[in-house]
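# An overview of the molecular structure
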Amino acid sequence: MDALTALLAGPRARGAFLLRSVFDPPWSLRIEDRAPLTVLTTVRGDGWIVPDGAAPVPLRTGDLAIVRGPEPYTVADRPDTPPQVVIHPGQVSATPAGERLCEAFDQGVRTWGPARDAATVLLSGTYQLHGEVGGRLLRALPPVLRLGAEEWSSPLVALLEAEIDRDEPGQEAVLDRLLDLLLISVLRRWFARDLGRAPAWYRAHADPLVGRALGLLHSAPARAWTVQALAAECGASRAALARRFTELVGEPPMAYLTDWRLTQAADLLAEPDATLDAVARRVGYGSGFTLSAAFKRVRGISPQRFRELAATEDRTA
């Protein structure tokens, strides 16, 4: 398992918010939903993404952007168009004065705007769950990641557009998976294009020795790994693996494994029925006590406190 697959295999879309938005210029949406990640693409017309305190990013027909939350931003036909709509947590829409717009702009299944058809058609998919595995990936991304239409080609946008306004059994699962595929496709292309800006764990995957070591750690984090055992699996000496791994990834193999185990543990703790001992066994700790000690040493809080804070965040997101 490569590092990107491992990071994307955890917090897959589950009930993501997908919408086809239709507007005639001038239009402007102020996004304050605090969602961790949103995928945006224009299938007709042009627009701009305007992050707070940063330069506007153009979004032309066929472009695709990933916007990292939870900081607010604006999407508009022009960077200077004043917001007409504010999107709040829970995808509640209102005017800047607070008048609700959800019902007034409802144009049928997952289509939203002043009219059913318009000059601008924007598709958006919003990941609404806050998972720690996703957090590791999010930290590797810029606030706005954009791929121009000329830089990539995929049938997924057309398929998503065809499926987004259907109302059939299992449709939510279909849309979730399409959004996941679109996200993976864009991230893979972006990491390959901007290799110098890609995280160290992604660049290291191309190295024959370190790439294999990363794959083993991601595939079997619960195994009782030592540097010696990992080196033997990779066909290298302990010293050679430790030196090469630290040089390319930026930390020693066992430090990386500890962080990956605790990242997985944080995601598993979001499951309400998961006991601490069960989580510990799944990520390579002998007991809940040893996991708790490691978690508090690295994260600064106990697993129980982390679970309470995560539950509060999800309720208010």
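Up top is the structure these notes are about.
Residues numbered from 1 in each chain as written. Predicted model: local features only at pLDDT ≥ 70, side-chain atom pairs only at ≥ 80, totals over all residues. Heavy atoms only, no water.

### Points about the packing of aromatic side chains
Note the cut-off: Only Phe, Tyr and Trp rings are paired, with Trp represented by its six-membered ring, and only when their centres lie within 6.5 Å; those with planes under 30 degrees apart are stacked, over 60 edge-to-face, the remainder tilted. For a lysine, the NZ atom is tested; for an arginine, the CZ atom; a charge sits over a ring if that atom is within 6 Å of the ring centre and within 35 degrees of the ring normal.
Summed over all chains, the structure comprises 10 aromatic pairs. Positioned over the ring face of Trp-225 is Arg-223, at 4.1 Å from the centre of the ring. Positioned above the aromatic ring of Phe-295, the side-chain terminus of Arg-299 is 5.5 Å from the ring centre.

### Section: the pattern of salt bridges
Counted only if it meets this: Salt bridges are defined by distance alone: a side-chain nitrogen of Lys or Arg within 4 Å of a carboxyl oxygen of Asp or Glu. Secondary structure follows DSSP: runs of H or I at least 4 residues long count as helices, runs of E at least 2 residues long count as strands, and numbering of each begins at the N terminus. Exposure categories follow from relative accessible area, calculated using a 1.4 Å probe and restricted to protein chains: below 20% of the type maximum is buried, above 50% is exposed, and the middle band is partly exposed.
For the coordinates displayed, the defined rule picks out 13 salt bridges. Its salt-bridge partner being Arg-223, residue Glu-233 comes within 2.8 Å of it at the nearest N-O pair. Of this pair, Glu-233 sits in helix H7 (residues 227-234) while Arg-223 sits in the loop between helix H6 (208-219) and H7, and the two are 10 residues apart along the sequence. Residue Glu-233 is classed as partly exposed on the basis of its relative accessible area of 32%. Note on Arg-223: relative accessible area 37%, which makes it partly exposed. Look at the salt bridges and you will find they share partners, linking Arg-30, Glu-32 and Asp-52 into a network.

### Regarding unusual backbone geometry
The omega angle of the peptide bond from Pro-25 to Pro-26 is -5°, so this bond is cis rather than trans. Relative to the elements of secondary structure, Pro-26 occurs in the loop between strand E1 (17-23) and strand E2 (28-31). Along the chain, Gly-69 connects to Pro-70 via a cis peptide bond; the corresponding omega equals 5°. The topology assignment puts Pro-70 in the loop between strand E6 (64-68) and strand E7 (73-76). At Arg-34, a position not held by glycine, the phi torsion is positive, near 60°. The residue Arg-34 is located in the loop between E2 and strand E3 (37-44) in this model.

### So, the side chain of Thr-126
Going by this rule: Whenever two N or O atoms come within 3.5 Å, that pair is a polar contact, provided that in protein one can donate a hydrogen and the other can accept it, and provided that, for residues adjacent in sequence, both atoms are side-chain atoms. Any two residues having at least one pair of non-hydrogen atoms within 4.5 Å are treated as being in contact.
Inspection of the secondary structure assignment puts Thr-126 in strand E11 (residues 120-127). Taking relative accessible area as the criterion, Thr-126 reaches 4% and is therefore assigned buried. A distance of 3.4 Å separates a polar atom in the side chain of Thr-126 from a polar atom in the side chain of Thr-38. In contact with Thr-126, other than residues within four places in its own chain, are Ala-16, Phe-17, Asp-33, Ala-35, Leu-37, Thr-38, Gln-91 and Leu-179.

### Digging into the packing of H7 against helix H8 (residues 238-249)
Quick note on the threshold: The convention used is that axes are lines fitted to C-alpha atoms, helices contributing only their stretch in contact, and that angles between N-to-C directions extend from 0 to 180 degrees. With respect to orientation, any angle under 35 degrees is reported as roughly parallel, any angle over 145 as roughly antiparallel, any angle of 65 to 115 as roughly perpendicular, and every other angle as oblique. Ten residue types, Ala, Val, Leu, Ile, Met, Phe, Trp, Tyr, Cys and Pro, are classed as nonpolar, four, Asp, Glu, Lys and Arg, as charged, and the remainder, Gly among them, as polar.
Taken N-terminus to C-terminus, the directions of H7 and H8 make an angle of 95°; their axes are 8 Å apart at the nearest point. Between H7 and H8, the angle falls in the class roughly perpendicular. Judged by residue contacts, Val-227, Gln-228, Leu-230 and Ala-231 of H7 engage Arg-238, Leu-241 and Ala-242 from H8. Of the residues that constitute the contact of H7 with H8, the class distribution is five nonpolar, one polar and one charged.

### Describing the sheet that holds E11
Here is the rule we go by: For two strands to count as paired, DSSP must find a minimum of two bridges between them.
With respect to topology, six strands assemble into an open sheet ordered E10-E1-E11-E3-E6-E12, the strand pairing being mixed. The sheet is open, and its two edges are formed by strand E10 (111-112) and strand E12 (144-147), each paired on a single side. Examined bridge by bridge, E3 and E11 share seven bridges and lie antiparallel to one another. Note that in E11 the partner of Leu-40 across the bridge is Ser-124. In the packing of helix H3 (residues 156-164) onto the sheet, contacts are made with E1, E3, E6 and E11, and the angle to E1 comes to roughly 90°.

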